[in-house]
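Reading the structure
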Amino acid sequence: MTINFPELARQAAADGAITPEEVLALRRSAWPDGRIDETEAEAILAINDMVSAKSAEWIDFLVEAVGEYVLNGTEPRGYVADETADWLIAKLDNDGRLDSAGELELLVRVLEKALGTPDRLKDYALAQIEHSVLTGEGPTRDGGHLSAGSITAAECKLLRRVIFASGGDRPAAVSQREAEMLFRLKDATLGADNAAEWQRLFVQGVGNYLQGWQGAKGLTRERAAELEAFMNHPSGGLSGFFRRMGSVAAGDLRSAARDLLTSPSARNFTREAVADAAVTGSEQQWLDTRIGNDGQIDPLEQALLAFLAEG
């Protein structure tokens with residue numbers, strides 16, 4: 001990088017701010033090759049630690065630049081490696097907590113854009129939101145302080161983005177751990193001045209876990225790397241595949257396709273989707289345990305039961 005990051009960090013520490021002109025200089029220096037490496041990402045995060053007045057321009061740059069390294073710094077691009085997830089959490093974590101809304105936005109944006117991430121990255125992001133709801137303090141309150149035990153519209157939006165993000169153990173769907181977290185938040189915020197969106201999010205989130213189709217799974221990072229290696233192999237790969245396919249008679253191809261589609265081992269995705277939509281015995285037991293914890297059915301649980309009955 002052509003810019004002197006240590007010097008810029010000292011300037012930021014002196015006045016607690018970074019100007020739009022300095023952000024622009026960083027953008028021009030960090031992206032001449034379209035990539036961000038680990039040294040550059042660490043320098044940006046070091047400056048972020050020293051800046052107390054974080055402008056919108058700075059937060060945008062932090063999210064875009066560090067996100068580029070986390071998502072594309074290792075192969076295959078788009079998949080967050082285990083060591084990269086650990087690196088990011090270690091860089092952002094301050095005794096188990098994040099310091100700013102910008103850092104949380106970085107985590108959420110990575111989860112939204114990633115083709116796959118270690119589960120602990122999503123778990124860490126959700127823990128930050130849950131802590132803010134329970135304590136009334138944290139990155140979701142953006143420097144303000146609202147009463148503990150209430151959930152804001154901003155927190156509802158963040159929760160929806162994270163639990164339905166493409167990265168994690170159930171891409172674009174709600175896992176059991178996430179459904180249990182929604183129940184914890186529901187129990188902690190009953191009767192509070194919550195955002196109007198909260199009941200809808202709780203019902204849809206838990207309902208998705210209980211009724212969502214579990215047949216579609218994302219590629220693991222390891223499998224994606226294998227496929228990428230196959231595609232790029234000089235002696236085979238995709239071009240070699242099509243050359244071999246070109247030597248097969250059309251009738252043989254039709255026969256092979258027909259055998260595949262009519263094979264007893266062929267998966268019936270429609271049947272799987274219908275089966276997943278039904279609440280199983282173990283799922284019903286899970287639900288009964290959570291609803292029966294306090295011996296009564298509260299308004300959000302009533303709304304959830306009504307939603308499930310309609311399905």
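Structure: see above.
All values derive from a computational prediction rather than experimental measurement.

Thresholds applied
Residues numbered from 1 in each chain as written. Predicted model: local features only at pLDDT ≥ 70, side-chain atom pairs only at ≥ 80, totals over all residues. Heavy atoms only, no water. Helix = DSSP H or I, 4+ residues; strand = E, 2+ residues; numbered from the N terminus. Buried < 20%, exposed > 50% of the residue type's maximum accessible area, 1.4 Å probe, protein only. Contact = heavy atoms within 4.5 Å. Areas by Shrake-Rupley, 256 points an atom, 1.4 Å probe, with all protein chains shown as cover. Expected span 1.5 Å × (residues − 1). Core = buried A, V, L, I, M, F, W, Y, C linked by side-chain atoms within 4.5 Å. Axes fitted to C-alpha atoms, helices over the stretch in contact; angles between N-to-C directions. Parallel < 35°, antiparallel > 145°, perpendicular 65-115°, else oblique. Nonpolar A, V, L, I, M, F, W, Y, C, P; charged D, E, K, R; others polar. Salt bridge = Lys/Arg side-chain N within 4 Å of Asp/Glu carboxyl O. Phe/Tyr/Trp six-rings, centres within 6.5 Å; stacked < 30°, edge-to-face > 60°.

**Remarks on the overall build of the protein**
Secondary structure summary: the protein contains 16 helices and zero strands in total. The burial tally for the protein puts 40% of its 311 residues in the buried class. Partitioning the contacts of the protein with sequence separation of at least 6, the portion at a separation of at least 24 is 68%. Only carbon and sulfur atoms are counted for the fraction: they give 54% of the accessible area of the protein, which is about 16,200 Å².

**Focus on helix H9 (residues 176-189)**
With 14 residues, H9 extends 20 Å from end C-alpha to end C-alpha; this agrees with the ideal 20 Å at 1.5 Å per step. Among the residues of H9, Glu 178, Ala 179, Met 181, Leu 182, Phe 183, Leu 185, Lys 186 and Thr 189 are the ones counted as buried. On its buried side, H9 packs onto helix H7 (119-135), helix H8 (153-163), helix H10 (197-211), helix H15 (281-291) and helix H16 (299-310). Looking one or two places after H9, you find Gly 191, whose phi comes out positive at around 80°.

**Some points on the nonpolar core**
In a soluble, globular protein the nonpolar side chains are often hidden away together inside. In this structure, Trp 58, Val 66, Leu 88, Leu 121, Leu 159, Trp 198 and Phe 202 are the most contacted members of the largest nonpolar core, which totals 70 residues. Sorting elements by how many residues they give to this core places helix H4 (residues 56-72) first, with nine residues. In contact with Trp 58, not counting residues within four places along its chain, are Ile 18, Val 23, Leu 26, Ile 44, Ile 47 and Asn 48.

**A few points about unusual backbone geometry**
The omega torsion of the bond from Glu 75 to Pro 76 falls at -5°, within 30 degrees of zero and hence cis. Within the fold, Pro 76 resides in the loop between H4 and helix H5 (82-92).

**Some details on the environment of Ala 17**
Its place among the elements puts Ala 17 in the loop between helix H1 (5-15) and helix H2 (20-30). In this structure, the C-alpha to C-alpha distance between Ala 17 and Ser 55, residues 38 residues apart in sequence, is 8.2 Å. Dropping the residues within four chain positions of it, Ala 17 is found in contact with Ala 12, Glu 22, Val 51 and Ala 53.

**Re the packing of H7 against H9**
Packed helix pairs are characterised by how far apart their axes lie and by the angle those axes make with each other. At a closest axis distance of 11 Å, the pairing of H7 and H9 adopts a crossing angle of 5°. Taken as axis vectors, H7 and H9 run roughly parallel relative to one another. In this structure, H7 uses Asp 119, Lys 122, Asp 123, Leu 126, Glu 130, Val 133 and Leu 134 to contact H9, whose residues at the interface are Arg 177, Glu 178, Met 181, Arg 184, Leu 185, Ala 188 and Thr 189. The class makeup of the residues in the contact of H7 with H9 is six nonpolar, one polar and seven charged.

**Comments concerning the pattern of salt bridges**
Taken as a whole, this structure holds 14 salt bridges when the rule is applied. The residue Glu 105 makes a salt bridge to Arg 161 at a minimum N-O spacing of 3.0 Å. Here Glu 105 is found in helix H6 (residues 101-113), whereas its partner Arg 161 is found in helix H8, with 56 residues between them in sequence. One connected set of salt bridges, linked through shared partners, spans Glu 105, Arg 109, Glu 112 and Arg 161.

**Re the environment of Val 133**
By the secondary structure assignment, Val 133 is in helix H7. When its relative accessible area of 0% is taken as the criterion, Val 133 is described as buried. For the pair Val 133 and Ser 147, spaced 14 residues apart in the sequence, the C-alpha separation amounts to 8.6 Å.

**What to know about the packing of aromatic side chains**
With the rule as written, the count across this model stands at seven aromatic pairs. A centroid spacing of 5.9 Å and a plane angle of 90° characterise the contact between Trp 31 and Phe 61, whose relative ring orientation is edge-to-face. Placement of Trp 31 in the loop between H2 and helix H3 (38-50) and of Phe 61 in helix H4 is noted, with a sequence separation of 30 residues between them. Judged by its relative accessible area of 0%, Phe 61 falls in the buried class.

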